[in-house]
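Analysis of the macromolecular model
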Amino acid sequence: MTGVAGRQAGDPGTPGSARGLADTVRRLQQDLDRLRAQEAARTAVDLATGILAERLRCSPDEAAVHLARVAREAGVRVADLAADIAGRPGATVEVRVGAVVRRADEEAPPASGTRPDERWAGPASLPPIRALAAVPDLQQAVDAVFAQTARPLGSTAVAVWQQLPGGGLVLAAHAGIGAAEAESWSRVPPGVDTPAGRVVRSGRALWPEPAGGADGPRTAAVPGTTATRAGDRAVLPLVDGGRCRGALELRWPGPAPALNQSLRRQLHALAELCAGLLGEGAPAAPEAAADQAGPLLDGLLTPGLLLAPVLRDGELVDFRIDQVNAHFRDPLGRRRTALEGTTLLESYPTASATGLFDRLQHAHRTGEPQPAELLHLVFQSGSTPLPATVRIAVAPWGRRLLASWQVETDRSREGDQAALLRQAQRIARVCGFEEHTATGRILWNEGLRELYGLPAEADPVPLARLADHVHPDDAPAVRRLLDSVERRHRTSAAVFRLAQPDGTHRYTRVVVEPVLDEARRVTGVRGAYQDVSSQRWTEVALGATRERLADSEQETAESEQLALRLQQAILPAEPPPLGATGLSAAVRYRPAAKRDRVGGDWYDVLPLPDGQVLLAVGDVAGHGVGAATGMVALRHSLRGLAVTGAGPGRLLEWANTLALREPGQVTATAACALYDPAAGEIRWARAGHLPPILLGADGAHVLPLPHGVLLGAMEDAEYEEYTTRLVSGEVLLLYTDGLVERRDRPVEESVDQLIRAAGAPGADLERYLDRLLEVSPADTDDDTCLIAVRVE
């Protein structure tokens, strides 16, 4: 019996033994399938990471973080997404063995008997982060970070802190921290200052102080450890979807090793992976609750908006306005449908820049409700800034924000504002109105009945009957206005004559805009009337003035044309023949650049009966016909008086007497010279005019200035004469100030510049005068006369 019993107990052929062997075989087969699937998943993740690194031009670690983020956003497992990217079907099992993630080429851990921290022999550098990309559980990820990252860096503890809605922190996962200590710091109330809390609020990482540094985390009592222990800590924010959801903390028992930029980037990548797992494990509003945000928003008694974050590369860049409730009134007067679907920066750029965006960004990043606070914002209507004080409260709703929005008014000043508005309307003669289509109610403010000429008790006139109260000729304009508003839904304006009971009319401008519902149906109209009668009469007066001015301008133009023709008719284009006198001469007249500056410049070259030659130039003050007629009088008087044989000084005395007797008292400058061929001498005098220039073999010389005031300035004026000889080949130049006058320098400097620029006269006097006009430094746009004579 004993043998039979022993045989039955150890005989593999018994039914119990067979079942045990079958169970073992099935378990081993399942383990083999699982290991094969894990190997396929690891291979797919490695291939997908490599593909993303090449396509995105980033490091493998950054590609692994991107792969995990995309998988979370798509709602699929990392291994499945990696298989799709790599084109390797069947990789559907995450890469994990117990609590530690391993690469395919790592040595398998011992079966039992040792703790994970005792059997880990970390590499000299941090392992690739893509080995953690497929870990689906936060605690497993923390264990993996502790084993593969913290231990190689000498860290003895890793903690993940999750932010609570009220602002507190909870220890969501940890490794290397004792159970008692973890229980003591399982929850940190709001307001307790901790490194993790500071990092969550600021969104900036906290790194260990360098060796020998002053006050750093090393000396502070830090949650997650006992109050008597001290050491370095690295705390990184866990940011997911633009919101800081917690912090990743690594702790060292003493000074931490130097963390260069490469290590810090890898730790940031680990924090981003943990942030995604923390977001998945964090309590969030279910889809049904998100769908209920609309009814909740409409149920608020205050204006409100539902805002969704807009992310770019994981960073918050804007908010999308998903919904606006019925109580919301846009400060710029836009409808709800015009706002929903737009972004905050698109709809309120100036208000966002003046504090609105910062307020919402803080609420989104911290996940903490923001109590009502007054913000002084600026809204922009075209080019007009509209300041407003807005009371805003913000609360997270899943991944979105509920914002309560109330524009504040100073009720103590409402009476003053209303009085100020009434005064402004009175001064501008503006009256407002509003009509409701459904009820037929018409609202007029004070002053509109007076504009219509109606008694105070009269009923308001509907806009549809406006054509009955205007001048018959203006009825078509009123009909076009109504058609534009009611059918085309456009804001329109028109000016017409509003009939008064006494038969007169008031010119009135009316602006009308339609009031539309969400289906773009007209539910009413509103607008304003403005009495523009005074403006209209001013326009009429201005029109008459413009007509008179146009007539005056035409007369002026005709007068200027007459002056130019008179001057051109009197001044010959060529001098008379001077062969018998031994002189050759050339003359030029250049009119002013602008016709309204045609002046009284003149010249004259006249052989006299006694054999002498009269040379004269002059410039009558002023422009136009008056100057031209004065020029004619002076030029002809000198021509007539020169035949008497008097000298140039006596001729200018007679010309001065004539100028004083001329209507309008003409004033002018003049230079008068008489050349005697027999003596080879020239006598000359001047009346306030520029001196002649003598050009000879030894250069150019300005002749002396004899005394003489301008013509028409004073009675009994006397004019001094100078005499000089002219030898063969010398050239005498007489000119008016239009050739050399400048506003920025003395005339003498301009004369010197002109003579240097023109050079020697040469054989051709005509070409020499043209060259003088070309290089003239004058800038006064005045007319110019030139005479050049050469002794042959």
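Residues numbered from 1 in each chain as written. Predicted model: local features only at pLDDT ≥ 70, side-chain atom pairs only at ≥ 80, totals over all residues. Heavy atoms only, no water.

What follows covers the overall build of the chain. A count of helical and extended segments in the chain gives 22 helices and 25 strands. When burial is assessed residue by residue, the chain has 42% of its 792 residues classed as buried. For the chain, restricting intrachain contacts to residue pairs at least 6 apart in sequence, the fraction spanning at least 24 positions comes to 60%. (Helix = DSSP H or I, 4+ residues; strand = E, 2+ residues; numbered from the N terminus. Buried < 20%, exposed > 50% of the residue type's maximum accessible area, 1.4 Å probe, protein only. Contact = heavy atoms within 4.5 Å.)

This part takes up the environment of Tyr589. Within the secondary structure, Tyr589 is located in strand S16 (residues 583-590). Residue Tyr589 is classed as buried on the basis of its relative accessible area, which comes to 18%. Distance from Tyr589 to Cys785, taken between C-alpha atoms, is 4.7 Å for residues 196 residues apart in sequence.

This part is about the sheet that holds strand S6 (residues 304-312). Ordered by their spatial adjacency, five strands build an open sheet running S7-S6-S10-S9-S8, and the pairing between neighbours is antiparallel. Strands with a single pairing partner mark the edges of an open sheet, and in this sheet they are strand S7 (315-324) and strand S8 (370-381). Taking each pair of neighbouring strands and ignoring which way they run, the sheet shows an average axis angle of 40°. Examined bridge by bridge, S8 and strand S9 (residues 384-397) share 10 bridges and lie antiparallel to one another. When the bridges of S9 are listed, Leu377 appears paired with Ala388. Of the strands in this sheet, S6, S7, S8, S9 and strand S10 (400-407) touch helix H14 (residues 349-366), which is tilted by about 150° from S8. (Pairing = 2+ DSSP bridges. Axes fitted to C-alpha atoms, helices over the stretch in contact; angles between N-to-C directions.)

Within the largest apolar cluster, 28 residues are counted, with the highest numbers of intra-cluster contacts made by Val158, Val160, Leu238, Leu259 and Leu267. Counting residues per element, the ones that place at least two in this core are helix H6 (138-150), strand S1 (157-163), strand S2 (169-175), strand S4 (233-240), strand S5 (243-251) and helix H9 (261-281). Sort the elements by how many residues they give to this core and H9 lands first, with eight residues. Non-local contacts of Leu259, meaning those with residues more than four positions away in its chain, are made with Leu153, Trp207, Pro208, Ala234, Trp252, Arg264 and Leu267. Counting 26 residues, the second-largest nonpolar core is a separate cluster that includes Leu614, Ala646, Ala687 and Leu711. (Core = buried A, V, L, I, M, F, W, Y, C linked by side-chain atoms within 4.5 Å.)

So, on to the packing of aromatic side chains. Tallied over the full model, the rule gives eight aromatic pairs. Here the aromatic rings of Tyr348 and Trp405 are separated by 5.5 Å at their centres, their planes lie at 40°, and the arrangement is tilted. Separated by 57 residues along the polypeptide, Tyr348 in the loop between helix H13 (344-347) and H14 and Trp405 in strand S10 bring together distant segments of the chain. There is no split in this pair, since Tyr348 and Trp405 are both buried. Aromatic rings pair up to connect Phe328, Tyr348, Phe379 and Trp405 into one cluster. Lying over the aromatic face of Tyr348, Arg334 brings its terminal NZ or CZ to 5.2 Å of the ring centre. (Phe/Tyr/Trp six-rings, centres within 6.5 Å; stacked < 30°, edge-to-face > 60°. Lys NZ or Arg CZ within 6 Å of the ring centre and 35° of its normal.)

Turning next to the side chain of Ser347. Structurally, the position occupied by Ser347 is in helix H13. Separated by 2.7 Å, the side chains of Ser347 and Thr342 make a polar contact. If sequence neighbours within four positions are ignored, Ser347 has contacts with Ile321, Arg334, Leu339 and Thr342. (Polar contact = N/O pair within 3.5 Å; in protein donor to acceptor, adjacent residues only side chain to side chain.)

In a beta sheet, neighbouring strands are held together by backbone hydrogen bonds and run either parallel or antiparallel to one another. A sheet is described by the order of its strands in space; here five strands give the open sequence S3-S2-S1-S5-S4, paired in antiparallel fashion. This sheet does not close on itself; its edge strands, each paired only once, are strand S3 (187-188) and S4. One ladder, built from two bridges, connects S2 with S3; its direction is antiparallel. Opposite Leu169, over in S3, you have Val188 as the bridge partner. The sheet contacts of H6 involve S1, S2 and S5, and relative to S2 the element is tilted by about 55°. Across the face of the sheet, helix H8 (residues 195-202) comes into contact with S1, S2, S4 and S5 while running at roughly 145° to S5.

Now for the pattern of salt bridges. Following the criterion strictly, the structure yields 24 salt bridges and no others. Between Arg359 and Glu373 there is a salt bridge, with its nearest N and O atoms 2.4 Å apart. Of the two residues, Arg359 sits in helix H14 while Glu373 sits in strand S8, which places them 14 residues apart along the sequence. On the basis of relative accessibility, which here comes to 35%, the residue Glu373 falls in the partly exposed class. Ionic pairing is found between Arg661 and Glu715, a salt bridge with its closest N-O pair at 3.0 Å. Of this pair, Arg661 sits in helix H20 (residues 648-661) while Glu715 sits in the loop between strand S22 (699-702) and strand S23 (721-725), placing them 54 residues apart in sequence. (Salt bridge = Lys/Arg side-chain N within 4 Å of Asp/Glu carboxyl O.)

For the rest of this paragraph, the subject is the confidence of the model for the chain. Chain-level pLDDT for the chain is 78 on average; 79% of the residues reach the 70-or-more range. Note on residues 1-12: pLDDT is under 50 here. Beyond four places in sequence and across chains, it has four contacts. Counting contacts from residues 212-229, a segment whose pLDDT is below 50, to residues more than four positions away or on other chains yields 38 contacts. (pLDDT = per-residue confidence, 0-100.)

Once that is clear, we can look at H6. Here H6 spans only 16 Å end to end across 13 residues, well under the 18 Å set by a 1.5 Å rise per residue. In terms of burial, H6 is a largely internal element, 11 of the 13 residues being buried. Of all the positions in H6, only Leu138, Ala141, Val142, Asp143, Ala144, Val145, Phe146, Ala147, Gln148, Thr149 and Ala150 are classed as buried. (Expected span 1.5 Å × (residues − 1).)

One can find Arg790 in strand S25 (residues 784-791). Summary of buried charges: Arg790 has no salt-bridge partner, and the nearest side chain of opposite charge, Glu792, is 4.6 Å away. A distance of 3.3 Å separates a polar side-chain atom of Arg790 from the backbone oxygen of Ala763. When sequence neighbours within four positions are dropped, the list of residues in contact with Arg790 reads Gly582, Leu583, Ser584, Gly729, Glu730, Val731, Pro761, Gly762, Ala763 and Leu765. (Lys, Arg positive; Asp, Glu negative; His and termini not counted.)

Take the pairing of S9 next. Sheet faces and side chains relate simply in a regular strand, where the side chains alternate between the two faces. Relative to S10, S9 is paired through eight bridges, and the arrangement is antiparallel. Along S10, the bridge assignment pairs Val394 with Ala403. Adjacent in sequence and paired antiparallel, S9 and S10 are bridged by two residues, among which Gly398 carries a positive phi angle near 65°.

Moving on to helix H22 (residues 765-774). Among all positions in H22, only Leu765, Tyr768, Leu769, Leu772 and Leu773 are buried. Relative to the axis of H22, the buried residues are bounded by an arc of 140° and lie together on one face. The outward face of H22, more than 90 degrees from its buried face, is lined by the exposed residues Arg767 and Glu774. Among the structural elements, S16, strand S21 (693-696), strand S24 (731-735), helix H21 (747-758) and S25 are those in contact with the buried residues of H22. N-cap assignment for H22: the residue whose side-chain oxygen lies 3.0 Å from the backbone N of Glu766 is Asp764. (Arc of directions from axis to C-beta.)

Our next topic: unusual backbone geometry. Unlike most non-glycine residues, His489 shows phi in positive territory, near 60°. By secondary structure assignment, the location of His489 is in the loop between helix H17 (475-486) and strand S13 (492-499). Given the relative accessible area of 24%, His489 is considered partly exposed.

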